[in-house]
Each structure stands twice: as C-alpha cells, then as structure tokens.
Protein chains: 2
Amino acid sequence: MNIKTNRSPLDRETIVARAIEIADEEGVTALTMRSLARRLGYEVMSLYNHIANKGELISLMVDEVAAEVEISSQGPDPLTDVRRMAISMREALVRHPWAPPLWQRELPRAAQVERMEHLLGLLAASTLSPDLAHHGFHAVNNHVLGYTLQELEMTIAIGTESELAAKTQTFLEGLSPEDHPHAIAHIHQHIAGDTSSSFELVLDLILDGLVRLNDE
Amino acid sequence: MNIKTNRSPLDRETIVARAIEIADEEGVTALTMRSLARRLGYEVMSLYNHIANKGELISLMVDEVAAEVEISSQGPDPLTDVRRMAISMREALVRHPWAPPLWQRELPRAAQVERMEHLLGLLAASTLSPDLAHHGFHAVNNHVLGYTLQELEMTIAIGTESELAAKTQTFLEGLSPEDHPHAIAHIHQHIAGDTSSSFELVLDLILDGLVRLNDE
DNA sequence: ACCTGAACACCGTTCAAGT
DNA sequence: ACCTGAACACCGTTCAAGT
C-alpha cells in the first residue's frame, strides 16, 4: 500500500499556496523544500515534478501576493486610484511580511505585470507628463516598498514580542543621551507613533508634489 | 612547520574587509565562511575566534558601508546637508550593490547610529516641525533605499550583461503590445533613461514637499 | 589566546528506479 | 506521467584537541 490517503493531488497551485502558509506562519527561513514537502504529505523530490527550483517557487509566491493588490479604477480621478492601489499594495505586503525583501528579485510574472500595466495606465491617464508619470511610478512604488520594509523590520525589532523587544531595549540603553539625543528621541517616537497615518502622509506628499511639479 | 607565512594576522577588521571584497567582486552568494577563510589563508573555524556567526559578519559589513556615507554639515542650510547625505548614501550603496537588501536587517551599529543621529540632527535644526522631521527622516531614507534597490535590480536584469539582457529581452517579447502597452513603453524608457537625475528629482520633490507642508 | 581536524545537522538538487 | 530512495555537493556551526 504505497498510496497515502488524505492528501490533495500535487500541482503548482497547491504547492505555492502551502508554501505561502509556511512563510506566513513561521517565516521564510522555515520554508525549505523539505518542510514544504512534509506539509503537503509528499516526499521532497516530488516537488521538482512541478517547479523547476526554489527560486521559481519564491517567484510564484511573490506573484501571488501581487495578485492580492486591488486593481483600482473607480476613483473620481486617476491619481486617486493610484493612491488606492498604493494603500492596497501596502496591505498585501503587511499580510505577508516575508514578501517585501523578495518583491523584485526576479522578473515580474503575470499578476505583477498586470498591476504594473494598470498603475502605468492610470498615471498615463492623469494630467502628468509622460516623464513625470515615469518618475511617479517609481516614486510611489519605492515609497510603498521602502516604507513597508522598514516598518516591518521596526515592528519585529521593537514590537511586543518580548524577546526582541529586550534586545532593542539593551540597544537603547547603549546610547548615551548626550551623544545620541535625536536617535533616542526618534526611537521613542516610534514606540508611541501611528505608522499608517505617516505612510499616507508621505504618499500624499509625493502625489501632490508630482502634480505641483507638472503644473509649474 | 605549522605557521603559514604571507598572511596578515586575523582580526575582525581584516576579516570584514576581505568579506566586503568578496561580496563586491563576486556577489553575496559567493561569500561563504569557507570562501572567506580561503581568501584570508586560514581555516574556516578560525573565523569563529573573532566573530560570533555569519549574521554578525554581515551586520559588520553593512556598518562599514554606512561608514562611507558622508556626514555633511557645511551646507547653507540643514536641508541641503540632508540632500547631500542622501546622495552620498546612494553612492555608497551603488558601490556595494549587495548592501541595500541587507541594510536594515539587524539593529544599527556604531557608524549607522552616527549617520542616523546626524541626519536627525539636521532635520531638527531645519524649519520642519518635530512631526514632519520624523516623517522626513523615513521619507528620505526609504527613497534612497527603495530607489537604489530597484535601480540595482533593474541594472542587473537589463544592463549590458548579455546573458541576463537576453532573459529580459524574451520577457519583453512575451508582452503583447495590445495588452501591455504601458509596461512595454516603461521598460524602453528605462533602457534609454538617465536614472540618477530621476533619483534627485524625486528626492527634491520629497524635500520641497516637506517644507511646503510645514509652511501651510 | 588563537588555530584547526573531524564531525554534525542541515540545505537544494540530480538521477535512476519504480508505479 | 508522476512519485521516490539514495546520493551528491554544498552550507553554518560545535567541540575537543592541539600549539
């Protein structure tokens, strides 16, 4: 009796879905071909019948996160839709904290291309010049990615997880108030602060700046 | 005769320096404890007499890059110095393309803290409100990091390296002009474009936006 | 105090063999 | 066509032994 029951048939889609589960629950470092196979109820080598290698797996996982980004097109004007997509992208990235560092390591796949195409379309439909639309695409993209990336690192280091919070605490105590007053104040602002409003503040700053530059 | 000649004595400083050499020349993936030991002329295990583990090594390497960022304070006004530091930071990151993805994975070390302290000091000395100074720190930081990160990925994927350029070429050909006109145009803009002027354009957009928001 | 040989517990991946 | 046992070539790291 070789056939194990209670296991779904193996295909790319379910492999990627389980891989995302592991990464969400236990972090990317816990995602190995072996741990993935174990969760699926198959042997490691079976995975290679459906994906070329781990790099392809990760690329597929990232594209699945990209697919969660809302394609917005109902706004009163194109830049409002750009704004909504930026917020939706941040939400998707926060849902999958392992994704930001891997976001653009491979060439974009289907969902990523779709998101990119739509975002560029919105910018082209706006009042922005082609040149500013190009810069705007990257400015928005980088802001979302950079902000989320740093926010997640900060949350990991400072958040309520007692173990790492202690590490940060000893770090903070290592800073002398006379030598590093601003750094100390900055970290305290973080512990008290509301990050998501700060995200939108800078996002609007960028969008407004683009429009202003365009109208000059 | 156990003593090998022609090798510098082992210490943290030279270990980190050689590690950076390997990463610069052959990429981070080529940096293993074994390859590092080989370059130093020692055995692998000797490294552990000077550094705790590979994580600490990488953290030390990143701090060395942070030390290359110019601490600017001669400008006509504080925000000009902020601008200069942002440009200097980008230059340091471009010099060490492996650094951006690792930039804030660990708690900041001495040089990183110094850079942070000075940057925050400049923002505090500017006309910006404490709140906007806080947001400004992250906006500038994220822009530099995000922009450099995406620029480096793009360069790797699109640059003159024939092998990967071909990969991008087939990717481009996979996009149909009727379905993805904007994406195709965007990539062509990249191949032709001047990235470093775009970096400064968005940087100024952010700095001007902060001042404007502050003066409202 | 610093260096190192041997070994351990992992990785991703290949290949030939099974059904 | 898909699954898998055994094996390979790597990792980072530990520990006891050397000097």
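In this report, the structure presented in the accompanying data block is examined. (Residues numbered from 1 in each chain as written. Chains lettered and ligands numbered in written order. Predicted model: local features only at pLDDT ≥ 70, side-chain atom pairs only at ≥ 80, totals over all residues. Heavy atoms only, no water.)

What about the interface of chain B and chain A?
Next up, step 1: In this assembly, 50 residues from chain B lie in contact with 50 residues from chain A.
Next up, step 2: Summed over both sides, the interface between chain B and chain A buries roughly 4400 Å², with carbon and sulfur atoms accounting for 67% of that surface.
Next up, step 3: It is Leu 107, Glu 117 and Leu 205 of chain B that lose the most area in chain B upon contact with chain A, and together they represent 14% of the buried surface on that side.
Next up, step 4: The tally of links between chain B and chain A comes to zero salt bridges.
Next up, step 5: The interface formed by chain B and chain A contains 14 residue pairs in polar contact (both at pLDDT 80 or more). (Contact = heavy atoms within 4.5 Å. Buried area = accessible area lost by both parts, 1.4 Å probe. Salt bridge = Lys/Arg side-chain N within 4 Å of Asp/Glu carboxyl O. Polar contact = N/O pair within 3.5 Å; in protein donor to acceptor, adjacent residues only side chain to side chain.)

Quick notes on the protein's contact with DNA strand C
Next up, step 1: Among the 16 residues in the neighbourhood of DNA strand C, the closest are listed as Arg 34 and Lys 54 of chain A together with Met 45, Asn 49 and His 50 of chain B.
Next up, step 2: Backbone atoms, meaning sugar plus phosphate, form 54% of the atoms of DNA strand C positioned within 4 Å of the protein.
Next up, step 3: Arg 34 of chain A places a polar side-chain atom, nitrogen or oxygen, 2.6 Å from a base nitrogen of DNA strand C.
Next up, step 4: Between DNA strand C and Lys 54 of chain A, the relevant distance is 2.8 Å, taken from a phosphate oxygen to a side-chain nitrogen or oxygen of the residue.
Next up, step 5: A class-by-class count of the residues in the surface near DNA strand C yields seven nonpolar, five polar and four charged. (Near = heavy atom within 4 Å. Nonpolar A, V, L, I, M, F, W, Y, C, P; charged D, E, K, R; others polar.)

Brief notes about helix α1 (residues 12-26) of chain A
All names here are of chain A.
Next up, step 1: The end-to-end C-alpha distance of α1 is 21 Å, a good match for the 21 Å that 15 residues give at a rise of 1.5 Å each.
Next up, step 2: The complete set of buried residues in α1 reads Thr 14, Ile 15, Val 16, Ala 19, Ile 20, Ile 22 and Ala 23.
Next up, step 3: A side-chain oxygen of the first residue of α1 lies 3.0 Å from the backbone nitrogen of Glu 13; this N-cap is Asp 11. (Helix = DSSP H or I, 4+ residues; strand = E, 2+ residues; numbered from the N terminus. Expected span 1.5 Å × (residues − 1). Buried < 20%, exposed > 50% of the residue type's maximum accessible area, 1.4 Å probe, protein only.)

Examining helix α3 (residues 54-66) of chain A
All names here are of chain A.
Next up, step 1: Compared with an ideal rise of 1.5 Å per residue, which puts 13 residues at 18 Å, α3 spans 19 Å between its outermost C-alpha atoms and is within 8% of the ideal.
Next up, step 2: All of the buried residues along α3 are Glu 56, Leu 57, Ser 59, Leu 60, Met 61, Val 62, Asp 63, Val 65 and Ala 66.
Next up, step 3: The elements touched by buried residues of α3 are α1, α2 (33-40), α4 (78-95) and α5 (110-125).
Next up, step 4: In this structure Asn 53 caps α3, since a side-chain oxygen of it lies 3.2 Å from the backbone nitrogen of Gly 55.

Digging into the packing of aromatic side chains
Residue and element names in this part refer to chain A.
Next up, step 1: Counted according to the given criterion, the structure contains two aromatic pairs over all chains.
Next up, step 2: For the pair Tyr 147 and Phe 199, a centre-to-centre distance of 5.5 Å together with 65° between the ring planes defines the contact as edge-to-face. Of this pair, Tyr 147 sits in helix α6 (residues 130-158) while Phe 199 sits in helix α9 (residues 195-215), placing them 52 residues apart in sequence.
Next up, step 3: Given a relative accessible area of 4%, Tyr 147 falls into the buried group.
Next up, step 4: Residue classification places Phe 199 among the buried residues on the basis of a relative accessible area of 1%.
Next up, step 5: The lysine or arginine in question, Arg 90, covers the ring of Phe 199, its NZ or CZ lying 4.8 Å from the ring centre. (Phe/Tyr/Trp six-rings, centres within 6.5 Å; stacked < 30°, edge-to-face > 60°. Lys NZ or Arg CZ within 6 Å of the ring centre and 35° of its normal.)

Some details on the relation of the copies chain B and chain A
Next up, step 1: Aligned on chain A, chain B shows an RMSD of 0.0 Å; the corresponding rotation is 180° and the shift along the axis is 0.0 Å. Between the two chains, the operation in question is that of a two-fold axis. Within chain B, Gly 146 of chain B has its C-alpha nearest the rotation axis, a separation of 2.5 Å.
Next up, step 2: A shared binding surface is used by both copies, with 100% of the interface residues of chain B retained as interface residues in chain A. (Least-squares fit on C-alpha atoms with pLDDT ≥ 70 in both.)

Here we look at the protein's contact with DNA strand D
Next up, step 1: As a matter of local geometry, DNA strand D sits amid 16 residues, with Met 45, Asn 49 and His 50 of chain A together with Arg 34 and Lys 54 of chain B nearest to it.
Next up, step 2: Counting only the atoms of DNA strand D that lie within 4 Å of the protein, the sugar and phosphate share comes to 54%.
Next up, step 3: Side-chain polar atom of Ser 46 of chain A to a phosphate oxygen of DNA strand D: 3.0 Å apart, as the coordinates give it.
Next up, step 4: In this structure, Met 33 of chain B approaches DNA strand D through a main-chain N or O atom, which is 3.1 Å from a phosphate oxygen.

Honestly, that's just the spatial picture; any functional story needs more than this.
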